[in-house]
Amino acid sequence: MQKDYKSFTIVDFATDDAFLQHHLNPTRDSQSFWENWLARNPSQVEEWQQAQKLLEAVRLGLEDYTRTFLSKEAEEQLLNRILNTNALYSHGSTGSPAIVSATWGKIFAVAACLLIMLSIGANYFYGKKTEDSRTIYNRHKALLFSSVIEKANTTSQVDSIKLPDGSTVLLYPGSLISYSTEFGKTNRTVSISGRTMLDVVKNPEKPFIVYANELVTRVLGTRFEVEAYEDSKDVVVKVLSGQVSVFKNGTLTTEHKSEAEQAGVVLKQNQQVKFSRQSEEFNKKLVDSPLPVIQNTSQAPSFTYEETSVVSVFEDLEKAYGIDIIYTKSQLETCQLTASLSNEAFKDKLNIICKSIGATYEVVDAYIIIHSSGCKSLQS
Amino acid sequence: MATGKKRYKFTFLFNHLQIVKILNMSYKKEEMLLWEAFQSGDEEAYTQLYRLHVKVMYRYGMSLVSVSEAFVFDCIHDVFTELWIKRERLSVPDNIRYYLLKSLKVRILHLLKRKEQVYVPLTEEDYDNLWDDSSDEIFRMDELFNRQDLINKLVAQLSPRQQEALRLRYVENMDYGEIASMLSVNRQSAQNLVHRAVEKLRSWIPI
């Protein structure tokens, strides 16, 4: 404590090791030091006191941190996990310490240590957790299938996989998919972790079921995307075409008969659901950039209009994108549109239409709501 | 008269601290005994050490990777299991809490590096600079009646490294040497980091 405290400012005091040590964890030495120092430097007392206040203010600002709360339950759980791991790895060396020499003990310890590190490392490389906290993915895998085929994408590129029933799966980097050797014969069930896009071949007799984190997605034949990373806050299911139903998987057992009673949502094309793993809430909405559903160009509307009633324009949009548009028909019947919108994206189309008829739109859940007070100029 | 009043205040403060001090002394000694017992294979002592420190490890871990509680749990698990395996070869650390937090951070960074290979970290300076421009205009002081809210928001405006340094200095009570090692910088940089942060806070907060 040989610093020249005489020239210290408030901030200097408030950030000084000795000053802070004394306030946060005082000792007899620190107490007598500061007592003496203050007695000898009365002119600095004001700064010293202000520094105390500043220290309190900083600590107040860190209360979010100080209050981070670990529940007793979680503490016990983690302790058990740790003790289990220890028991696992000290097995064998405890048996007969007299025979196992110190050197061997050491070699064993080093080997065990390496083993743990390797296994943990490998698990993380695949984006998963350590062995003890078996991931949801692993539980699914173990529960659903007797003999499993697992594909992992460890590259940095999207990988395409063909399933035995002809369905295709795009597996994004760091993602996994597994299915039974019986896939296509007795079931069409897969378990995934990470991000995948699935193009499912239609088969009404065998629904295609995807387990991903807490969600179960059930489809007949469709194209959709599932994003279920082990460590992300949400699970997202996006439908590109067709229809799927998404449920929360409550029990993680092989009996999924009760699914119908469980909370869930039905998704159509261009809709997505985000499931918050914390609050367990489903949030259904439109995908960010909806795509036309109709592939056959002869059936698809041209989106070229000349003095066309905007009502039939909205009907075209609904048909092409499979998105429900809500508006008051009687109000908009008199509104006309002349435009060519064949190349615009869905939301651009909507913007142009709304602007030209003086309306606005709003996306609520998976619907588009049109707000308009009608087209007066044409009525008069 | 005025100085007499001040004196009185100080005496009160010191008396209060004296009690805390005595608790701290025996606490520290007991902890060292626990550590030695743990090293000789006493699982009970090991469990007690866990209980003494897991809450702090948890909050520190969560402050580093708040997105995944499970990941933090995994890392704490790894630190403690590694301790158990290596127990006979360990020395007695001067500051057990610091030792555990340091081990936790090393573990977290190690796993994050493996996990996110595409992620290229900015240099530390880039990082701090990002936050340098955060201006006071963001806050309309009159909207923040609550002093606590205000200070919390101001602390949140500091760079992540500054926040981490503040947590280590003002809550975990590490000295600048220890903080420097936690942040992989030299002692002077650690001190500057905290000094600048507190200076900034002081200019913002009406004391």
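Values in this document were obtained by computation on a predicted structure and should not be read as measured data.

Things to note about the overall build of chain B
Assigned secondary structure in chain B consists of nine helices and zero strands. In chain B, the succession of helices and strands from N to C terminus is α-α-α-α-α-α-α-α-α. With 207 residues in all, chain B has 45% of them scored as buried. Looking at chain B alone, contacts between residues at least 24 apart form 67% of all its contacts between residues at least 6 apart. Split by element, the accessible area of chain B, about 11,200 Å² in all, is 54% carbon and sulfur.

Regarding the packing of helix α4 (residues 45-61) of chain A against helix α6 (residues 147-157) of chain B
Their axes nearest at 8 Å, the elements α4(A) and α6(B) cross at an angle of 80°. When the axes of α4(A) and α6(B) are compared, the pair comes out roughly perpendicular. Contact residues: α4(A) offers Ala57(A), Leu60(A) and Gly61(A), while α6(B) offers Arg147(B), Gln148(B), Ile151(B), Asn152(B) and Val155(B). Residue classes in the contact of α4(A) with α6(B) are distributed as four nonpolar, three polar and one charged.

Concerning the pairing of strand β10 (residues 244-248) of chain A
Residue and element names in this part refer to chain A. In terms of residue burial, β10 counts as a mostly covered element, since four of its five residues are buried. Bridge analysis of strand β7 (residues 215-219) against β10 gives five bridges, and the strand direction is antiparallel. What sits directly across from Val-216, in β10, is Phe-247. Bridge count between β10 and strand β11 (residues 264-267): four bridges; the pairing is antiparallel. Residue Ser-245 lies in a different strand from β11, and its bridge partner there is Val-266.

Brief notes about the confidence of the model for chain B
All names here are of chain B. Across chain B, pLDDT averages 78, with 71% of residues at or above 70. Note that pLDDT drops below 50 for residues 1-23; the model gives that stretch 22 contacts with residues more than four away or on any other chain. Within the model, pLDDT remains below 50 along residues 117-122, and this stretch shows three contacts once partners closer than five positions in the same chain are excluded. Scored as a whole, the predicted complex attains pTM 0.46, and scored at its interfaces, ipTM 0.75.

Let's talk about the pattern of salt bridges
Tallied over the full model, the rule gives 17 salt bridges over all chains. Across the pair Arg81(A) and Asp74(B) runs a salt bridge whose closest N-O atoms are separated by 2.8 Å. Of this pair, Arg81(A) sits in helix α6 (residues 72-90) while Asp74(B) sits in helix α3 (residues 69-86), placing the two residues on different chains. By relative accessible area, Arg81(A) is classed as buried at 13%. Of the charged contacts, one joins Arg195(A) and Glu225(A) as a salt bridge, the two residues approaching to 3.1 Å between their closest N and O atoms. Here Arg195(A) is found in strand β5 (residues 188-199), whereas its partner Glu225(A) is found in strand β8 (residues 223-228), with 30 residues between them in sequence.

Focus on the packing of aromatic side chains
Residues and elements named next belong to chain A. Under the defined criterion, the tally for this structure stands at 28 aromatic pairs over all chains. Ring geometry for Tyr-5 and Phe-33: centres 6.2 Å apart, planes at 65°, overall edge-to-face. On the criterion of sequence distance, the pair formed by Tyr-5 in the segment before α1 (10-14) and Phe-33 in helix α3 (residues 28-40) is long-range, its members being 28 residues apart. A relative accessible area of 1% places Tyr-5 in the buried class.

Criteria and thresholds
- Residues numbered from 1 in each chain as written.
- Chains lettered and ligands numbered in written order.
- Predicted model: local features only at pLDDT ≥ 70, side-chain atom pairs only at ≥ 80, totals over all residues.
- Heavy atoms only, no water.
- Helix = DSSP H or I, 4+ residues; strand = E, 2+ residues; numbered from the N terminus.
- Buried < 20%, exposed > 50% of the residue type's maximum accessible area, 1.4 Å probe, protein only.
- Contact = heavy atoms within 4.5 Å.
- Areas by Shrake-Rupley, 256 points an atom, 1.4 Å probe, with all protein chains shown as cover.
- Axes fitted to C-alpha atoms, helices over the stretch in contact; angles between N-to-C directions.
- Parallel < 35°, antiparallel > 145°, perpendicular 65-115°, else oblique.
- Nonpolar A, V, L, I, M, F, W, Y, C, P; charged D, E, K, R; others polar.
- Pairing = 2+ DSSP bridges.
- pLDDT = per-residue confidence, 0-100.
- Salt bridge = Lys/Arg side-chain N within 4 Å of Asp/Glu carboxyl O.
- Phe/Tyr/Trp six-rings, centres within 6.5 Å; stacked < 30°, edge-to-face > 60°.

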